[in-house]
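Descriptive analysis of the structure
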Amino acid sequence: RFIAKPCAINLGIQDSGPHRAQPNAILEKVFTSITKSPDGKRLEGLSKQLDWDVRKIQRWFRHRRNQDKPTTLTKFCESMWRFTFYLSIFFYGIRFLWTAPWFWDTRQCWYNYPFQPLTSRLYYYYILELAFYWSLMFSQFTDIKRKDFLIMFVHHLATIGLITFSYMNNMVRVGTLVLCLHDASDFLLEAAKLANYAKYQRLCDAFFMLFGVVFIVTRLGIYPFWILNTTLFESWELIGPYPSWWLFNGLLVTLQVLHVIWSYLIIRTASKALVRGKVSKDDRSDVESSSEEEDVTSNSTKGIFSTSSNGSNRLNGHVAGGHWTGE
């Protein structure tokens, strides 16, 4: 309200919503009481009842669905808040972990386990991350649903479960490594969305490409060969198969499966960008144009973070095809 909104206004982002559908009591009743996306049979019936062309009715429903979506200004403010959090918590984590022995030698995560001290900096790092992911869990139900809604829901559940579980079992050393690794790419994604909302397309594409590289390197490279290696093999070697070993590693492997899915979507988006010369529309976007002509124009002129799309992420969040989260 006091920082992001003035920044958005200075960048020329207006607080104007999408084109509103013309008032029509019959169509409004169908929209609110029956369906927001009528099938062919219902469209034909409405066409006869109103003496409207079927395509005109389809356009009305598109406008009506879009008018409930947040404005570009609102999405810019949400993304700026997430960018600020991700960037701040990432640098806090790097600064904290740089002097931690387990950051350089993962075997240190298991020496003298579970009798490892919980410092105040480590405690606040955990509490801040847990609070943020709980906020994502709740806000996901008020944001626009996307194709990866279920994936993001599973991701948030797994993340909250891991943070809580590792804290209760004093596995906070390896937990900090997981948290810092996941924060490494998220602020780049939000930066790409901010650039898109401000209509700096080249900057948006550059941030997204950088995000994709960092995401794939950290989630498909460092995570399995550094994090999973220590939780699956080094922990087994140093402290043995403790009772919660299977659950803990099961949650970590679940995250890795999600990383593979999101990486595939990112790579697919990047490959389209190489063909079209710029980053294409978000593969998980629920954006609807007001006409088929607008769809063509949107696909040819806008990037993955279309100003008509929701700014939430949820990659979040995080991730997928372009937005992430994350998620």
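How each quantity is defined
Residues numbered from 1 in each chain as written. Predicted model: local features only at pLDDT ≥ 70, side-chain atom pairs only at ≥ 80, totals over all residues. Heavy atoms only, no water. Helix = DSSP H or I, 4+ residues; strand = E, 2+ residues; numbered from the N terminus. Polar contact = N/O pair within 3.5 Å; in protein donor to acceptor, adjacent residues only side chain to side chain. pLDDT = per-residue confidence, 0-100. Contact = heavy atoms within 4.5 Å. Core = buried A, V, L, I, M, F, W, Y, C linked by side-chain atoms within 4.5 Å. Buried < 20%, exposed > 50% of the residue type's maximum accessible area, 1.4 Å probe, protein only. Axes fitted to C-alpha atoms, helices over the stretch in contact; angles between N-to-C directions. Parallel < 35°, antiparallel > 145°, perpendicular 65-115°, else oblique. Left-handed = near helix turned anticlockwise from the far one by under 90°. Nonpolar A, V, L, I, M, F, W, Y, C, P; charged D, E, K, R; others polar.

Topologically, His182 is positioned in helix α9 (residues 172-197). Between the C-alpha atom of His182 and that of Tyr223, which follows or precedes it by 41 residues, the distance is 9.0 Å. In terms of polar contacts, His182 uses its side chain to reach the side chain of His259, at 3.0 Å.

Here we take up the confidence of the model for the chain. Parts of the model with low pLDDT should not have their predicted coordinates read in detail. Taken over all residues, the pLDDT of the chain has a mean of 80, while the share at 70 or more is 80%. When the criterion is pLDDT under 50, residues 286-327 qualifies, and its contacts beyond four places in sequence or with other chains add up to 207 contacts.

This paragraph deals with the nonpolar core. Core analysis: the biggest nonpolar cluster contains 55 residues, and Leu97, Trp102, Tyr223 and Phe248 have the highest contact counts within it. When contributions to this core are tallied by element, the ones reaching two or more residues are α5 (72-98), α6 (101-104), α7 (120-139), α8 (149-168), α9, α10 (201-239) and α11 (245-276). At 12 residues, the largest contribution of residues to this core is made by α9. Non-local contacts of Tyr223, meaning those with residues more than four positions away in its chain, are made with Val178, Leu181, His182, Thr218, Leu228, Leu252, Leu255, Gln256 and His259. Core analysis: the second largest hydrophobic core is formed by 10 residues, Val30, Phe31, Leu43 and Ile57 among them.

What follows is about the packing of α10 against α11. With their axes 10 Å apart at the nearest point, α10 and α11 run at an angle of 160 degrees to one another. Judged on the interaxial angle alone, α11 and α10 are roughly antiparallel. In this structure, α10 meets α11 at a crossing whose hand is left-handed. Residue composition of the contact of α10 with α11, grouped by class: 23 nonpolar, eight polar and one charged.

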